[in-house]
Amino acid sequence: MFRHLARRQIAPLVFVLTSLSGGVARAQDAPANGPADPPAAAAVPRPTGLPKAIDWKFSFEAAWGSFGFRNAVFNDPRENARVDFGTHWFEGSVKPVLSATVDLPSSSQVYGTLSGVGERTYGSAPRIVGPDFSSFLPEDVAIGWRSGKAFESLGENALDFTVGRAPYKVGHGFLLWDGAAEGGTRGGYWSNARKAFGFAAIGRFKPGQHTVESFYLKKSDLPEHDTGTRLWGANYEYRIGADTTLGATYLKFRGKPDLVPQRDQLDVYNVRAYTAPIPAVKDLSLELEYAWERNHDALHSDAWTAQGAYQLSAAPWKPKVSYRYAFFQGDNPTTTRNEAFDPLLLGFSDWGTWWQGEIAGEYFVANSNLISHLVRAHVSPSDAVGGGVMVYKFLLDQPGTYAPGVTDRNLAVEVDSYVDWKINKNFTASVVAAFANPQRAVEQASNRTKSFAYGMVYLAYSY
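Residues numbered from 1 in each chain as written. Predicted model: local features only at pLDDT ≥ 70, side-chain atom pairs only at ≥ 80, totals over all residues. Heavy atoms only, no water.

Peer 1: How should the overall build of the protein chain be read in this particular structure?
Peer 2: Check the secondary structure of the protein chain and you find two helices and 18 strands. Across the 463 residues in the protein chain, those meeting the buried criterion constitute 45%. Counting every atom, the protein chain has about 23,200 Å² of accessible surface; 59% of that belongs to carbon and sulfur. (Helix = DSSP H or I, 4+ residues; strand = E, 2+ residues; numbered from the N terminus. Buried < 20%, exposed > 50% of the residue type's maximum accessible area, 1.4 Å probe, protein only. Areas by Shrake-Rupley, 256 points an atom, 1.4 Å probe, with all protein chains shown as cover.)

Shown next as structure tokens:
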């Protein structure tokens, strides 16, 4: 999963990828009258020392990124706090994973996952906390049971229960996906290698085209900013063929009243539709999502998004063009209640979702008091390479509550370009170059008129 260069515009970034070319050495044929080569010894699997009745699997992920800014403005949109990165920094992460599955006589399975994540941010030279941040902490520590074919009339794995430290998401991450806070004393602000909730209890019932889920989740917060965020909820999804999914979710939040008063006792309602509505034109797709947040005068807010996309899947490079509108309500200063939408625990599923913009959405605006227009063009020259351009127009819903003295709605225009290259089955590289032009609202808030420039190189390994 990836989220985030212009000469003399950003801090220098140098990224060298050494192509590993391997030749296959072929032994010369033995002379006709020479002795035949002895048969190769049969490979003997190396024992793991773990119980043989259990199916063990090991995987490993690692990543490294280089980030550079010019004319930077940093405000952590995830924790609503100042971030003191320098203009050039690095991040690295590792994640070893051990999973196990046990087949039961009924054909059901018991499964478990154990993993840890190490992250480090360095080269940032923050003024307040110190020169770098790093940590190594448990990630997935969960056990579960799934029904397999035990209830064959309902379908395979119709029942599934998980408990422990585990990830969970709703839809495409508009409201709920990322269960762990990053940055700060943990490091890895952008890399976002942690996603598991500090505690999760999840039950799923999947008969046919229906999915019903119930869950309790506790966020894994930064120790220096523990909001006490926890929630329970229910989710329903209905699949219509292979191209349409309809969903509805209810969430009930709790949090520390002194830190997140709007979130304590918050009710959240969400409906969504992801569809290719015309069977004869499957290249046309639509996404619609709406959210209501209600907590008496502490919060009464709405957000919604609509996206249309069309892909020429039969054409060379498979070009795809999309437009998305997203609205996140801001607090109206003329009312006594709070209307500022709480972004909750959003996540990343693709470039631009749901941290909007590689400059604005990652580093100084949140999905609150924000209106965005996004036009995106994407191409795939080969199965290994894909890239595109995204153009954002950011506006404020309520200028008066963005910052003192702000009266203009125009926030910024941003252009992001990206390339993802799957070097081989283990390595993937991503390169981003971004440019943002601050508009009148930013000038009124901070007297900043210089354009922002940003570059990133990110290399990921998986085994």
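Additional details are given in the paragraphs that follow.
Peer 1: Whenever I open this one, the confidence of the model for the protein chain confuses me. Can you help?
Peer 2: Low pLDDT marks stretches whose predicted atomic positions should not be read closely. Summing up the model confidence of the protein chain, the mean pLDDT is 89 and the portion of residues at 70 or higher is 87%. Taken as a whole, residues 1-36 scores under 50 in pLDDT and shows 68 contacts with residues more than four places along the chain or in a different chain. (pLDDT = per-residue confidence, 0-100. Contact = heavy atoms within 4.5 Å.)

Peer 1: Would you mind going over the environment of Val457 with me for this structure?
Peer 2: Inspection of the secondary structure assignment puts Val457 in strand β18 (residues 452-462). The exposure class of Val457 is buried, given its relative accessible area of 3%.

Peer 1: Teacher, can you tell me more about the side chain of Glu182 here?
Peer 2: Positionally, Glu182 belongs in the loop between β5 (159-166) and β6 (197-205). Polar side-chain contacts of Glu182 include one of 2.7 Å to the backbone nitrogen of Arg194. (Polar contact = N/O pair within 3.5 Å; in protein donor to acceptor, adjacent residues only side chain to side chain.)

Peer 1: Just to check I follow, could you spell out a nonpolar patch on the surface for this structure?
Peer 2: Nonpolar side chains collect at one region of the surface, where Leu50, Phe58, Leu98, Leu114, Val141 and Tyr463 lie side by side and expose about 560 Å² of accessible area between them. The exposure class of Val141 is partly exposed, given its relative accessible area of 38%. (Patch = residues over 30% accessible without salt bridge, like charges linked within 9 Å, V, L, I, M, F, W, Y side chains within 5 Å. Salt bridge = Lys/Arg side-chain N within 4 Å of Asp/Glu carboxyl O.)

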